[in-house]
Amino acid sequence: FLLTAAALIGIPLSTQGASIKTQTIHGMAYEGEHFSAPWPAPLYTVNYVTERGPDVDRLTVVDKDKKGKAFYTQTVDLEAGVPKSFSFSNDLLDQQGSLTVTEKELIMTFTDKGKTKTVKKSRPQQLFAVGPSLNRLVADHFEELVSGKDRSFRMVVIQRLDVYGMKMSREPVDPKETTPEIKDGRWVKLVMKVDDPFIGIFAPKIYEIYDTKTGKLLFVKAPLASADIKQQKMTTGTIRYK
């Protein structure tokens, strides 16, 4: 999955206009796994914007290369915490996609280098997420996840025009864990994986690390969009949020 992940992390919202409130958090993307210093040079930056108001609940994630040029943008609009529309644009790969949610259907459209495909699927009866709304789902169930309860949900992946059954859970602390904050419980590591014995063998896992006490998102480890046209997709990358 090409995923840029972030969450509502408890920073006070700033007011724009009379009713819309916005929050922007910043992250740095690295190749490989990096949960502690020394930090390598970042590959690109991540800006995550939350807009909330009486009729607005929008999450926008923008990845920018080293020159400050946006190359990958994702936007999801939610209603009662559930996605109602999603769109993304990856200028580097010449790809665009969208999701429209109706009462009964998910309408997915994916354009790759000018060729467009549209697929309709039944709307999931259970929880579902798309793009950055994954982290809203985590935030809504954070306490039970920290307590050890699993949550099943469906993940909409526009690039594959498909929907996958997923499970999120708290990752047990590895006896060989080298990050002190994870080892002593100050940080909690959550894992999201495809809930299918066969597909799960090939599908990547998504790891997110949160401050256990505050619920603030600190790190995301997953296959990430690449700012290098020659590389196109990193095998594994880490986003560190400040």
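Structure shown above.
What you see is a predicted model, and the numbers here were worked out from it, not measured in a lab.

Parameters at a glance
Residues numbered from 1 in each chain as written. Predicted model: local features only at pLDDT ≥ 70, side-chain atom pairs only at ≥ 80, totals over all residues. Heavy atoms only, no water. Helix = DSSP H or I, 4+ residues; strand = E, 2+ residues; numbered from the N terminus. Buried < 20%, exposed > 50% of the residue type's maximum accessible area, 1.4 Å probe, protein only. Contact = heavy atoms within 4.5 Å. Areas by Shrake-Rupley, 256 points an atom, 1.4 Å probe, with all protein chains shown as cover. Pairing = 2+ DSSP bridges. Salt bridge = Lys/Arg side-chain N within 4 Å of Asp/Glu carboxyl O.

Caption draft 1: Highlighting the overall build of the chain. Each helix and strand in the chain was counted, giving 4 helices and 16 strands. For the chain, the proportion of its 242 residues judged to be buried stands at 46%. Considering only contacts within the chain whose residues lie at least 6 apart along the sequence, 44% involve residues at least 24 apart. When the accessible surface of the chain is summed, it comes to about 12,400 Å², and 50% of that surface belongs to carbon and sulfur atoms.

Caption draft 2: Representation of the pairing of strand β12 (residues 162-170). Taken together, the 7 bridges between strand β11 (residues 151-157) and β12 define a ladder with antiparallel strand orientation. From the neighbouring strand, Phe153 faces β12, where its bridge partner is Met166. Counting the residues between successive antiparallel strands, the hairpin from β11 to β12 contains 4 residues, one of them, Leu161, with a positive phi of roughly 50 degrees. Strand direction decides the pairing type here: β12 and strand β13 (residues 187-194), joined by 5 bridges, are antiparallel. Bridge pairing links Arg170 to Leu190 in β13.

Caption draft 3: Representation of the pattern of salt bridges. Tallying each qualifying case throughout the model produces 10 salt bridges. Residues Asp57 and Arg136 are paired through a salt bridge, measuring 2.8 Å at the closest nitrogen-oxygen approach. Taken together, the residues Asp57 in strand β4 (residues 56-64) and Arg136 in helix α1 (residues 133-140) connect sequence positions 79 residues apart. In this structure Arg136 comes out as buried when scored by relative accessible area, which is 6%. Between Asp150 and Lys167 there is a salt bridge, with its nearest N and O atoms 4.0 Å apart. Taken together, the positions of Asp150 in the loop between α2 (142-146) and β11 and Lys167 in strand β12 put the pair 17 residues apart, joining distant regions of the chain. Here Asp150 falls in the partly exposed class, since its relative accessible area comes to 42%. Look at the salt bridges and you will find they share partners, linking Glu51, Arg58 and Asp77 into a network.

Caption draft 4: Broad picture of the environment of Phe219. Following the sequence through the fold, Phe219 ends up in strand β15 (residues 217-222). Linking Phe219 and Tyr207, residues 12 residues apart in sequence, is a C-alpha distance of 8.1 Å. Among residues more than four places away in sequence, those in contact with Phe219 are His34, Phe35, Trp39, Trp187, Tyr207, Glu208, Ile209, Thr238, Ile239 and Arg240.

Caption draft 5: α1, seen in detail. Burial runs high along α1: 6 of the 8 residues are buried. Inspection of α1 places Ser133, Leu134, Asn135, Arg136, Leu137 and Val138 among the buried residues, and these make up the whole buried set.

Caption draft 6: Just the environment of Leu99, in detail. Within the secondary structure, Leu99 sits in strand β7 (residues 95-101). Beyond its immediate sequence surroundings of up to four residues, Leu99 is in contact with Lys84, Ser85, Phe86, Leu106, Ile107, Met108, Val130, Val156 and Ile158.

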